[in-house]
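Fold and contact review
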Amino acid sequence: MVAVLVVVAVVAAVRLLPVNAWLLAFVGWMRDAGAAGMAVYVLAYVAACVLFVPGLILTLGGGFAYGVAAGVPLVWVAANLGAAVAFLLGRTLLRERIAARVAGDARFAAIDRAVGREGFKVVLLTRLSPAFPFSLLNYAYGLTTVSFRDYALGSLLGMIPGTAMYVYLGSLLTSVTQIAAGAPAGNAATQALTWLGAAATVAVTVVVTRLARRALDEATAASPGGAAVPIHRTPHDPARPLVLPDDTHNRALVACVHPPGRRNPTPSGRYNLVVVGGGTAGLVAAAGGAGLGAKVALVERALMGGDCLNTGCVPSKALIASARAAAAARRADRLGVRVGAVDVDFPAVMARLRALRARIARNDSVQRFEQLGVEVHLGDARFTGPRTIEVDGRTLAFSCAVVATGARAAVPPIPGLAEADFLTNETLFELTELPRRLVVLGGGPVGCEMAQAFAQLGATVTLVTDAAHILPREDADAAAVVARRMAADGVRLVTGATVTRVLRIDGATRVDWRAGDVADTATGDRLLVAAGRTPNLGGLGLEAAGVAYGPHGVTVDDHLRTTNRRVFAAGDVASRFRFTHTADALARIVLTNALFLGRRKASALTVPWCTYTSPELAHTGLSAAEAQARGIATTTLTLPLHDVDRAIVEDDDEGFLRVVVRKGSDAIVGATLIAANAGDVVSELTLAIVAGVGLGTVANVIHPYPTQAEVVKKAGDAYNRTRLTPTVKSLFAWWLARNR
């Protein structure tokens, strides 16, 4: 349609205005000027792109002046050069103005979301089927996360059909003006071919444009997360207490983290920072922002403190402490101590857990954060635009926002599971009676920690996982050490198994599984699902904010910025490292980048972690396999714990330290430690990596004797021994012989 209107407008202009003389004079000058004329044309095109002048006029002019053969490549280069300059300006100097111009535009919001998933494809399709004026789109893409490479390549390819068509139409203008000026027009056949070529060019371009528009509509209309992302939220039943059981300890907890009857403050003006989610990442971002002088609002829909305080780190480690005490009592006779039968009072164990959780909750309480200067809003947060969030019927306007909504237990699609009344980490700590039999689905950190703990507390436990070994993220030999101890504590481990169905039979839960040719079942009084985590995204209105997301969470760049440049994300909702300490570190990066225009990168972090089984399995940095995948040549040193005196005297010497160093140097790349207190010791190695301290220096650090940490010094000594080559040893012998 546009092409037809262009032709009609050209014919009308030729008939009604004296454009023939103007255009012929222009053509003559451009052609006579040669390369200089082409350079002027390119500069004019770039200037037009920068100044929002429609490129169509100049494209037609290129065809008019140079014809098809020279005009198509010239216009194609000029248009792409102008588009690149406008893109870079939109990404840097003119971000604020362009953001204001496209704010609220549904078409751009759709393209912005789609770019977060597949930038090159979307750029290509918009060039084939323009959804925006050419000049505005050049600038607008600078606001998205598309890389300059994908933008440039998509533009170069996508502009070819449109450039060819309009240059061809522009070349016809020369013929029209020549006819109008009385120049010979050629015979009828020549004229017919000319107009037939024009019609064919328009037809082909129209077909390509329609196909591209259909594909673009599909790309931009698709759900940002795809069908795999569950976006529902289970509403809280007002008749049910927020935390069960409803005892003194849990009422004290709720009074801190979600005070009953509390009214939210009235929003006033724009906030420097609005934080969505009151878990670790959200609390660190809110407290840090307020401490730096920012005006901060924090929104939490459930319990302040998030998973870590309420259903994760704090209660699980309290439970593990009791379980370890029971296990230590059973093993005491190996140390010459007779304690008799071990009697675990499970209700008392859980009461202690709830009391300690309520005590720690003061640190994450609404009252404390209000005292820090944070406006706390309890309720569901929903983005209503690129710079606004609604909560409790009120709008919070922000300069920057942080999505820190965390993650929850993933529920695998197993037939019968939904009807099985299963437990997750969110309901496990509501138990007041020890299950006689417990089945655990999942061999990751949560599954292994809880399986071993409940076995140590007296339950009969079966753990079923589809992985080849438990803790599949770790080296197989490291996981094997943990597996042997878990088996010794009474956990039945079923690996490489696929669960085929779950059945409730007479109040018990039966899990059917198959491993290769072997089919079997496991029956428990309770079933714990610990099969990974899924991000909390439902009901947030991320589409309205132009924030892209997917099955693994909110889409962020290395600076933790989302596809909306004013919105950041941190913690489990945006990271593959779903640990409390990582959420803390990511929130600190967000504060720098959001409030102070920083450029800190998440990829620069050295992330340690620890699985709190007995023994603990801790890791930091890269494994040897990960280093190899990144092209880093390494050497591995492995030190068994049975060479560490403290481990020997405490009868806990099954484990090892593995240190990965760059080949030919003492620079530590990563480390794995299996030991009684590995989570504490691994911090020394993390510090060494971050500070650039090599194993040679570690060997010179005095470590108290005897301690578990002495294994780190032994690793340094082992590295130094590798430097004592036969040649060096010969030189030392010669020197010492000369100085006797």
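Structure first, text after, so check above.
Report on the accompanying structure. (Residues numbered from 1 in each chain as written. Predicted model: local features only at pLDDT ≥ 70, side-chain atom pairs only at ≥ 80, totals over all residues. Heavy atoms only, no water.)

**Quick notes on unusual backbone geometry**
- Geometrically, the link from Ser 614 to Pro 615 is a cis peptide bond, its omega value of -5 degrees lying close to zero.
- Tracing the backbone shows Pro 615 in the loop between strand 19 (609-611) and strand 20 (616-621).
- A cis amide bond links Tyr 705 with the next residue in sequence, Pro 706, at an omega value of -5 degrees.
- Of note, Pro 706 is situated in the loop between helix 24 (695-699) and helix 25 (710-722).
- Here Asp 421, not a glycine, exhibits a phi torsion of approximately 50 degrees, which is positive.
- Secondary-structure assignment places Asp 421 in the loop between strand 7 (407-409) and helix 16 (425-428).
- One non-glycine residue, Leu 597, adopts positive backbone phi at about 55 degrees.
- In this fold, Leu 597 is placed in the loop between helix 20 (580-595) and strand 19. (Helix = DSSP H or I, 4+ residues; strand = E, 2+ residues; numbered from the N terminus.)

**A closer look at the pairing of strand 2 (residues 296-300)**
- Along strand 2, 5 of the 5 residues are buried, which leaves the element largely enclosed by surrounding structure.
- Side chains Val 296, Leu 298 and Glu 300 project from strand 2 onto one buried face, and the interleaved Ala 297 and Val 299 project onto a second face that is buried too.
- Two strands pair when backbone bridges link them, and strand 2 and strand 3 (residues 374-378) are joined in this way by 5 bridges, in the parallel orientation. In the strand pairing of strand 3, Val 299 is matched with His 377. (Buried < 20%, exposed > 50% of the residue type's maximum accessible area, 1.4 Å probe, protein only. Pairing = 2+ DSSP bridges.)

**Notes on the packing of helix 13 (residues 313-331) against helix 17 (residues 445-456)**
- Interaxial distance between helix 13 and helix 17 falls to 8 Å at its minimum, and their mutual angle equals 45 degrees. The angle between helix 13 and helix 17 places the two elements in the oblique class. Relative to helix 17, helix 13 is oriented so that their crossing is left-handed. In this structure, helix 13 uses Ser 316, Lys 317, Leu 319, Ile 320, Ala 323, Arg 324, Ala 326, Ala 327 and Arg 330 to contact helix 17, whose residues at the interface are Glu 449, Met 450, Ala 453, Phe 454 and Gln 456.
- Residue composition of the contact of helix 13 with helix 17, grouped by class: 8 nonpolar, 2 polar and 4 charged. (Axes fitted to C-alpha atoms, helices over the stretch in contact; angles between N-to-C directions. Parallel < 35°, antiparallel > 145°, perpendicular 65-115°, else oblique. Left-handed = near helix turned anticlockwise from the far one by under 90°. Contact = heavy atoms within 4.5 Å. Nonpolar A, V, L, I, M, F, W, Y, C, P; charged D, E, K, R; others polar.)

**Observations concerning the sheet that holds strand 14 (residues 526-529)**
- Strand order in the open sheet formed by 4 strands is 10-9-8-14, and the pairing between neighbours is parallel. Edge positions in the sheet fall to strand 10 (491-494) and strand 14, since each has one partner strand and no second. Between one strand axis and the next, the sheet turns through 20 degrees on average, direction left out of account.
- Relative to strand 9 (residues 460-464), strand 8 (residues 437-441) runs parallel, the two sharing 5 bridges. When the bridges of strand 9 are listed, Arg 437 appears paired with Thr 460.

Read these as geometric descriptors, not functional statements.
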